[in-house]
Amino acid sequence: MTQVPNVYDAEPIPESALAEVTRILRSGDLFRYTSNDSPVALLEAEFATALGSKYALAVSSCSAALFLSLKALGLPRDARVMIPAFTFGAVPSAVVHADCIPVLCECGDNYRIDIDDFAAKLPTVDAIIISHMRGHTSDMDAIMQLCDDAGVPVIEDAAHSIGTTWGGRKIGTIGQIGCFSFQSYKLLNAGEGGIMVTDDADLIARAVIMSGAYEHNWKKHPVLLDSFAKWQNKLPLYNQRLNNLSATLIRPQLNELPRRVADGRRNHDHVAALLNESAWLSVPNCLPSEERAPDSIQFNLVDMSNRDTARFVDAAAAAGVKIQVFGQSEDNARAFWNWQFIGPIPDLPKTRAMLMKACDVRLPARLTLDECDVIARIITDAAAETMSPARAYG
């Protein structure tokens, strides 16, 4: 029997990080503000350079970065913030935590924002969070043109999109602010953590103060001292800092990112081609301007009833591959009707229909093509077993 690859373990932390990790643990120096050149400060400088951004702020999670971005924009209480209806529950949670109101926008069968619904709702909102959910990039040219014309700021939730480009521009650098994740299932892994980037000096100064640069700790950021000084004691402190140990885990992985992006794209495209050979599975194409950096694969079920879908998922699981159908997994945090904390749940038929047939499978960049073949074969065999038993068994 062919062994099913483990898709849950992250890549090992590079050996180059281990000596520094040991040094920090022995010193106990985990707080980012004990020195001007702490590992967190070095990570911020290196990450900003890698993205081509002027400023970066490392924080405790991507959710914290989204929350601080909204607060840094100076939005009033009950400001309306539009988000895609297909995103992770942490995104509307960040909006609620920032004392704002989530406004959900329809998404289509290709998992991206429905531009017509986006344009219709844009006049009713004060800010935008574009979630590049599972690394799928919506039409950023159309979105930015609409938002620039309307004077509405855009935050990019790029938790799944480190290394993705749109028309040659790095995702996370197109809107006013970009937010990234260092959670273990992402291409850069610190277990937890996040970072935000921007070219706006005032935005980053406000975010730094609110992240927890109390008293004069902001002086340990090697930029923008004048910008920081004017916000001293004028903004609340939310204490969402990253610690030195997490930064030490991330820094050497920046050098690994190009390889991980290339391998992740290779694996995704290889499996996508195999899945698209099945009559019952369909992987949406990327948009022409998009160069993705995927670490998972999403595909739609074709002509399967809910009963068929359950049988398909069970068949794949029995063979060793876990398939999540976003809309049919109980309490799924990516199904908007489970976000009961946002108030009345809107009627979003396009997104609901998509989520009922959209499947998700982890596909880490570290897998070999042979391992990808095993995963693809299990999925396609499960579809054939479900929909055409005679053919499945010869």
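Up top is the structure these notes are about.
Since we're looking at a predicted model, the values are computed, not measured.

Parameters at a glance
Residues numbered from 1 in each chain as written. Predicted model: local features only at pLDDT ≥ 70, side-chain atom pairs only at ≥ 80, totals over all residues. Heavy atoms only, no water. Pairing = 2+ DSSP bridges. Helix = DSSP H or I, 4+ residues; strand = E, 2+ residues; numbered from the N terminus. Buried < 20%, exposed > 50% of the residue type's maximum accessible area, 1.4 Å probe, protein only. Right-handed = clockwise from strand over helix to strand, strands pointing away. Axes fitted to C-alpha atoms, helices over the stretch in contact; angles between N-to-C directions. Parallel < 35°, antiparallel > 145°, perpendicular 65-115°, else oblique. Left-handed = near helix turned anticlockwise from the far one by under 90°. Contact = heavy atoms within 4.5 Å. Nonpolar A, V, L, I, M, F, W, Y, C, P; charged D, E, K, R; others polar. Polar contact = N/O pair within 3.5 Å; in protein donor to acceptor, adjacent residues only side chain to side chain. Phe/Tyr/Trp six-rings, centres within 6.5 Å; stacked < 30°, edge-to-face > 60°. Lys NZ or Arg CZ within 6 Å of the ring centre and 35° of its normal. 1 Å grid on protein atoms, 1.4 Å probe; cavity = no way out; pocket = protein on both sides within 12 Å on 5 of 7 lines; lining within 4 Å. Points joined across faces, edges and corners; volume = space filled by probe spheres on them. Expected span 1.5 Å × (residues − 1). Salt bridge = Lys/Arg side-chain N within 4 Å of Asp/Glu carboxyl O.

Whenever I open this one, the sheet that holds strand β6 (residues 165-166) confuses me. Can you help?
Neighbouring strands of a sheet are bound in pairs by backbone hydrogen bonds; such pairs are parallel or else antiparallel. Judged by pairing direction, the sheet is antiparallel, and its three strands sit side by side in the order β7-β6-β11 without closing on themselves. Edge positions in the sheet fall to β7 (169-170) and β11 (290-291), since each has one partner strand and no second. With two bridges connecting them, β6 and β7 associate as antiparallel partners. Directly across from Thr165, in β7, lies its bridge partner Lys170.

Sorry, what's going on with unusual backbone geometry here?
Glycine aside, the phi torsion of most residues is negative, and most peptide linkages are trans. Located in the positive-phi region is Asn233, a residue other than glycine, with phi close to 65 degrees. Along the polypeptide, Asn233 turns up in the loop between α8 (225-229) and α9 (244-250). Residue classification places Asn233 among the exposed residues on the basis of a relative accessible area of 70%. Here the phi dihedral of Asp303 falls at roughly 60 degrees; this positive angle occurs in a residue that is not glycine. Tracing the sequence through the fold places Asp303 in the loop between β12 (296-301) and α11 (306-319).

How should the pairing of strand β2 (residues 80-84) be read in this particular structure?
If a strand is regular, its side chains alternate between the two faces of the sheet. Of all five residues in β2, four are buried, a share of seventy percent or more. Direction of pairing for β2 relative to strand β3 (residues 101-105): parallel, over a ladder of five bridges. What sits directly across from Met82, in β3, is Val103. Crossover β2 to β3 through helix α4 (residues 90-97) is right-handed. The pairing of β2 with strand β4 (residues 127-131) spans two bridges and is classified as parallel. Its bridge partner being in β4, Val81 is matched across the sheet by Ala127.

Got a minute to help me understand the packing of helix α3 (residues 62-72) against helix α7 (residues 201-212) in this structure?
When two helices pack together, their arrangement is captured by the angle between the axes and the distance separating the axes. Contact geometry of α3 with α7 gives a least axis separation of 9 Å together with a crossing angle of 120 degrees. Relative to α7, the element α3 is oriented oblique. Between α3 and α7 lies a crossing of right-handed hand. Packed against α3, whose contacting residues are Leu68, Lys71 and Ala72, the element α7 presents Leu203, Arg206, Ala207, Met210 and Ser211 at the interface. Of the residues assigned to the contact of α3 with α7, the class counts are five nonpolar, one polar and two charged.

Please clarify how the side chain of Thr164 should be interpreted in this entry.
For Thr164, the location among the structural elements is in the loop between β5 (154-157) and β6. Since its relative accessible area comes to 1%, Thr164 is described here as buried. Of the polar contacts made by the side chain of Thr164, one reaches the backbone nitrogen of Ala293; its length is 3.1 Å. For Thr164, the contacting residues outside a window of four places in its chain are Thr137, Arg169, Lys170, Ile171, Glu291, Arg292 and Ala293.

Quick question: what am I supposed to make of the packing of aromatic side chains here?
Any two aromatic rings considered together are summarised by their centre-to-centre distance and by the angle between their planes. According to the stated counting rule, one finds nine aromatic pairs in the structure shown. Judged by centre distance (5.8 Å) and plane angle (80 degrees), the rings of Phe31 and Tyr33 are edge-to-face. A cation over a ring is seen here: Arg362 above Tyr185, with NZ or CZ 4.3 Å from the ring centre.

For this particular structure, what's the right way to read empty space enclosed by the protein?
Think of a ball as big as a water molecule: rolled over the atoms, this probe shows where empty space is left. Applying the stated criterion across every chain, the model contains two cavities of 30 Å³ or more. Taken together, 15 residues make up the lining of the largest cavity; nearest its centre are Ala10, Glu11, Ser184, Lys186 and Leu187. Looking at the lining of the largest cavity, its residues break down into five nonpolar, three polar and seven charged. Each pocket or cavity is described by its volume, and for the second largest cavity that value is around 30 Å³. Taken together, Ala159, His160, Ser161, Ile162, Lys186, Leu187, Ala293 and Asp295 form the lining of the second largest cavity. Partitioning the lining of the second largest cavity into residue classes produces four nonpolar, two polar and two charged.

I keep staring at the environment of Asn110 and nothing clicks. Help me out?
The residue Asn110 is located in the loop between β3 and α5 (115-121) in this model. In the structure, Asn110 is positioned 175 residues away from Asn285 in sequence and 7.5 Å away in space, judged by C-alpha atoms.

Just checking my understanding: could you explain helix α13 (residues 369-387) for this structure?
Residue pairs spaced three or four apart in an α-helix point in one direction, given the helix's 3.6 residues per turn. With 19 residues, α13 ought to run about 27 Å at 1.5 Å a step, and its terminal C-alpha atoms sit 27 Å apart, in line with that. Here α13 has its buried residues at Cys372, Val374, Ile375, Ala376, Ile378, Ile379, Thr380, Ala382, Ala383, Ala384 and Thr386.

Please explain the pattern of salt bridges as it appears in this structure.
Working definition: two side chains of opposite charge can pair if their charged atoms are close together. Under the counting rule described, the total for this entry stands at 18 salt bridges. Here Arg251 ties to Glu46 by a salt bridge, and the two come within 2.7 Å at their closest N and O atoms. One end of the pair, Arg251, is in the loop between α9 and α10 (257-275); the other, Glu46, is in helix α2 (residues 39-51), with 205 residues separating them in the sequence. The class for Glu46 is partly exposed, based on a relative accessible area of 28%. A salt bridge links Arg134 to Asp360, with the nearest nitrogen and oxygen atoms 2.7 Å apart. Here Asp360 lies in strand β14 (residues 358-362) and Arg134 lies in the loop between β4 and α6 (140-150), a separation of 226 residues in the sequence. We note that Arg134, like Asp360, is buried.

Shape is all these values report; function is a separate question.
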